[in-house]
Structures are given as structure tokens and as C-alpha cells.
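# Remarks on the overall topology
Residues per chain are reported as follows:
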Amino acid sequence: MDRDTERDTERDQEREAEPCPEPEPPGARPGPPPTRWGICAAGAISHDFVLALGTLPRSEHTVAAVAARDLGRAQAFARRFGVPRAYGSYEELAEDPDIDVVYVGTVNPAHLPAGLLFLRRGRAVLMEKPMALGAREVAQLVGTARERGVFLMEGFWTRFFPAWRRLRSLAAGGALGTPLVLRGSLGFALGGVPRLREPALGGGALLDLGGYGLQAALALLGGGQGPPRLRAHGRLHPTGVDESVAVTLEFPGGALAVLVFSMAAELPGGAALGGPRGWAELPSHMNCPTELLWGGHRERFPLPALAEPPNFPHGAGLRYEAQHVRDCLLRGLTESPEMPLAESEVIAQLLDEARAQVGVRLSGVTTDHPERPLTLLSDQPPSGVTTDHPEQPLTLLSDQPPSGVTTDHPERPLTLPSDH
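These notes cover the structure that comes with them. Just so you know, these numbers come straight off a predicted model, no measurement behind them.

Turning to helix α10 (residues 318–330), a few remarks are in order. Given a rise of 1.5 Å per residue, 13 residues ought to cover 18 Å, and the 19 Å separating the end C-alpha atoms of α10 matches this to within 8%. Considered for burial, the residues of α10 that qualify are Leu-318, Arg-319, Tyr-320, Glu-321, Ala-322, His-324, Val-325, Arg-326 and Cys-328.

Structure follows, in C-alpha cells:
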């Protein structure tokens with residue numbers, strides 16, 4: 001060994017061994033930054049949404065800005081909830097670089113222009129339901145979101161309540177057998193609410209309440225697919241919006257949904273799902289359930305307390321959809337796997353069809369044949385249905401009576417053959 005090698009060896013022996021790094025204590029690594037929410041509109045539902053965000057960790061959710069058409073209202077909202085920035089236009093909110101996602105809580109007619117504004121600026125959007133006034137508008141929003149690669153979800157908060165997820169899990173797991181019948185109702189005396197009476201504001205029971213039942217039917221009976229057949233009849237408000245409506249949906253395989261919605265009458269608000277092996281029920285608030293009846297037991301899913309009373313029952317439950325949106329954004333998703341855009345499009349088509357059948361004036365709805373999927377084509381009424389006068393009851397033209405039933409005279413009651 002030469003002298004240089006000896007010196008290197010001695011130097012290595014003298015060098016102290018480097019200590020092993022200490023293991024990181026739990027929680028030492030910072031998690032994802034909080035989701036920064038922008039609030040579009042400073043009305044009642046936005047109030048409840050921000051209250052619900054307050055039940056979640058500030059390390060995960062923060063309200064960064066609020067916008068309203070009236071700067072004074074935006075500033076008052078910001079002071080009330082400690083929001084750092086207030087804007088007097090939606091355009092200013094869209095340009096805010098420190099926003100991750102916008103919650104749109106405007107009146108229904110503003111959903112399309114506001115949604116397009118934010119999507120085109122690359123802002124993720126949680127759109128309060130209904131996503132828009134009709135299927136054509138929904139298709140425009142969905143197309144823009146997909147074209148820009150920006151997250152968009154319709155705010156059917158129902159789908160994220162623990163009680164709803166429990167019901168859906170029971171159905172998917174076969175606890176009821178194959179689900180065959182869904183019965184639901186949702187009604188409130190809302191005739192005094194101006195926006196619900198006005199056609200131009202997207203009023204009516206179906207746009208306000210009907211989507212809850214339709215989304216339930218799609219998820220529990222249709223596997224997310226629309227039914228081949230829909231039948232609706234109801235009563236119109238004097239302004240021309242639908243006031244009370246009964247809707248029947250028939251799905252492949254014989255599954256049936258029977259739904260009633262009213263903005264004139266208080267209804268229990270529950271929903272029951274049945275199959276050959278049993279049934280489960282959301283006893284009330286099918287749109288925001290906190291209880292489930294199943295197997296002779298009542299399962300409860302309590303909500304956290306809010307800092308102040310909400311405007312709408314169970315308003316704290318808006319926290320669940322906010323949590324889901326954050327999860328989607330952290331995963332880099334552009335739509336929700338639990339409330340996909342394709343289902344929002346189907347729901348909008350079904351709402352258009354039901355409104356047309358009860359005589360609400362709207363454009364672009366028809367069904368070529370009652371047994372074919374619903375399509376948006378023209379202003380013609382559904383096949384077999386006349387709406388010569390929107391205030392007159394609908395009349396079925398060519399439907400044959402069921403097998404075994406005779407109608408000797410169309411004005412006489414139906415008579416059934418003797419069982420003897």
C-alpha cells in the first residue's frame with residue numbers, strides 16, 4: 001500500500017459516522033393547502049353554504065372572496081362571515097387569482113351566464129341545483145367544462161349525506177334484493193316565495209324540488225341512466241309555473257318510481273325504496289336526510305351545530321358536498337364520480353319533459369314515442385298527449401285500456417270482468 005493510500009485510509013477511519021435521520025413525528029409533513037372558495041351571490045343559500053363550511057377545519061376550507069351584483073350586499077356578507085374580499089360584480093370574482101373553486105348560489109336564470117363566466121376563466125364550479133333552466137343550457141355548461149378541462153358539479157347535496165349513502169349502499173349491496181319501487185314526496189307551502197311563482201325566474205315545483213326525486217330514481221333504480229318512459233300530470237299556478245306535480249318513471253326490468261312534488265302543500269317529504277327482500281325508508285327530508293329506517297331499526301346521522309340558524313332545514317349538510325368537491329380537486333378530477341355530469345344532463349331532460357307534459361311553456365321538448373328514450377328535438381308535445389290549452393287537463397289520445405278492462409263508453413267508469 002503506498003503512502004497516499006495509507007493517508008486516505010487513516011482519514012476515513014477518523015471521520016465520524018453520520019447519524020441516521022430522525023423519523024418525522026406524525027403530522028410533521030404539511031398536508032394539502034386549504035381549498036379557497038369564492039362565493040357567487042350573497043343570498044340565503046350562500047349564507048347557509050358558508051355557515052356549513054364553518055363546521056369544517058380551516059386547514060381544509062376557507063372562504064376567500066364573495067361577489068354580488070350589489071357591492072353593499074357583498075360587503076355586508078363579507079363582514080358577517082369574515083371574508084377578506086368583496087366584489088360588486090361576478091367578473092371581478094372570476095379574475096381573482098386566489099380562488100380555487102366558486103360556489104354559484106344565484107337565482108336560476110343566472111346559472112348559465114355565471115357558470116360560463118367562471119368556467120371560461122378556468123375556475124372550478126359547484127353550481128347550486130338546478131344546474132340551469134333547461135337541458136339545452138345544461139348541455140352548454142357541461143360542454144364548456146369538458147372543453148376547458150375544468151371541474152363542474154351540480155349541487156345535489158343529497159348524494160353526500162351519510163343517510164343517503166347508507167341507503168344507496170344497502171341497495172347496491174343487495175340487502176333489498178333488486179330495487180323495484182321508489183316512492184317519494186317533497187312539498188312545502190312556498191306560494192309566497194316570489195321567485196317560485198315567476199316563470200322568468202325559473203319558478204315551479206319541478207325545478208325547485210323535482211330534481212331531488214329524479215336524481216334518487218336515477219341512482220337507485222336506473223344505474224344513472226334515464227328511464228324509457230316518463231308520465232307527469234299536475235296543476236299549474238295562475239302564473240303558469242307548475243304548482244303540484246305527480247311523476248311516474250318506468251325503468252328497464254320493471255322498476256318503477258312514483259314521485260310527488262308541490263310548492264302549495266306540505267308533504268311528509270320521505271322516500272321509501274323496496275325490493276323482494278325488504279325495504280328501507282328515509283322518513284323525512286328526502287332531499288337532506290338524517291335518518292334511515294331499515295331492518296326494524298332507526299339509524300340516525302346527526303349534523304354538527306352551526307354558528308347561527310340556517311335559512312333552510314339541515315343547512316349544515318352542505319358541508320358534505322363541499323368536502324366531496326375538495327376531494328375531487330385534490331385528485332385532479334374534472335367531474336364528480338358520485339354526481340357525474342351525464343346524470344345532470346339526464347335530470348335536466350326529465351325536468352323539461354315533465355314540465356312540458358303538465359303544460360308549462362318551454363321550448364325544445366318532445367318524445368317521439370312513449371317507449372323510446374326522451375330526446376330534445378322540438379316544441380311539439382309528447383306523443384299521445386295533447387296540450388291544446390295549457391290550463392286544461394292533459395288528454396291521452398291513443399292509449400289502449402289494460403288487458404282485461406273494458407270501457408264500453410268513454411264517459412262511463414271502467415268495469416272489471418267478474419272474478420267468478
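Still to come is the rest of the account.
Below, the discussion takes up the sheet that holds strand β9 (residues 242–250). Within the open sheet, the eight strands sit side by side as β8-β9-β10-β7-β11-β12-β13-β14. Their pairing is mixed. Where the open sheet ends on each side, the last strands, each with one partner, are β8 (229–236) and β14 (297–300). Averaged over neighbouring strand pairs, the angle between their axes works out to 10° when direction is ignored. Of the pairings in the sheet, the one linking strand β12 (residues 278–282) to strand β13 (residues 291–294) comprises two bridges and is antiparallel in character. Looking at β13, one finds that Ala-280 is bridged to Trp-294. Contacts between helix α7 (residues 162–172) and the sheet are confined to β11 (271–275), β12, β13 and β14, with β13 contributing the most and set at about 25° to the helix.

Strand-to-strand pairing in sheets goes through backbone hydrogen bonds, with the strands running parallel or antiparallel. Strand order in this open sheet of six strands is β3-β2-β1-β4-β5-β6, and the pairing throughout is parallel. Either end of the sheet is taken by a strand with one partner, and the two such strands are β3 (85–87) and β6 (152–155). For this sheet the average axis-to-axis angle between neighbouring strands, irrespective of direction, equals 25°. Of the pairings in the sheet, the one linking strand β2 (residues 61–67) to β3 comprises three bridges and is parallel in character. Residue pairing in the sheet places Ala-67 in a bridge with Tyr-87 of β3. Seen against the sheet, helix α2 (residues 44–53) touches β1 (35–40), β2, β4 (101–104) and β5 (124–128) and runs at an angle of roughly 165° to β1.

Cut-offs applied
For every chain, the first residue of the written sequence is number 1, and numbering continues from 1 onward in sequence order. Per-residue local features of the predicted model are confined to residues with pLDDT of at least 70, and side-chain atom pairs are confined, for both listing and counting, to 80 or more; whole-chain, interface and lining totals are unaffected and use all residues. The basis for every side-chain value is the complete set of non-hydrogen atoms in the structure, without hydrogens or water. Strands are runs of DSSP state E lasting at least two residues, helices are runs of H or I lasting at least four, and both sets are numbered from the N terminus onward. An expected span of 1.5 Å times one less than the residue number is assigned to each helix. Throughout, exposure labels follow a simple rule: accessible area from a 1.4 Å probe, protein chains only, divided by the maximum for the residue type, with under 20% read as buried, over 50% as exposed, and the rest as partly exposed. One bridge is not enough; two strands pair if DSSP finds at least two bridges between them. In this description, a line fitted to the C-alpha atoms serves as the axis of each element, helices being fitted only across the stretch in contact, and the angle between N-to-C directions of two axes falls anywhere from 0 to 180 degrees. Two residues qualify as a contact provided that any one of their heavy atoms is within 4.5 Å of a heavy atom in the partner residue.

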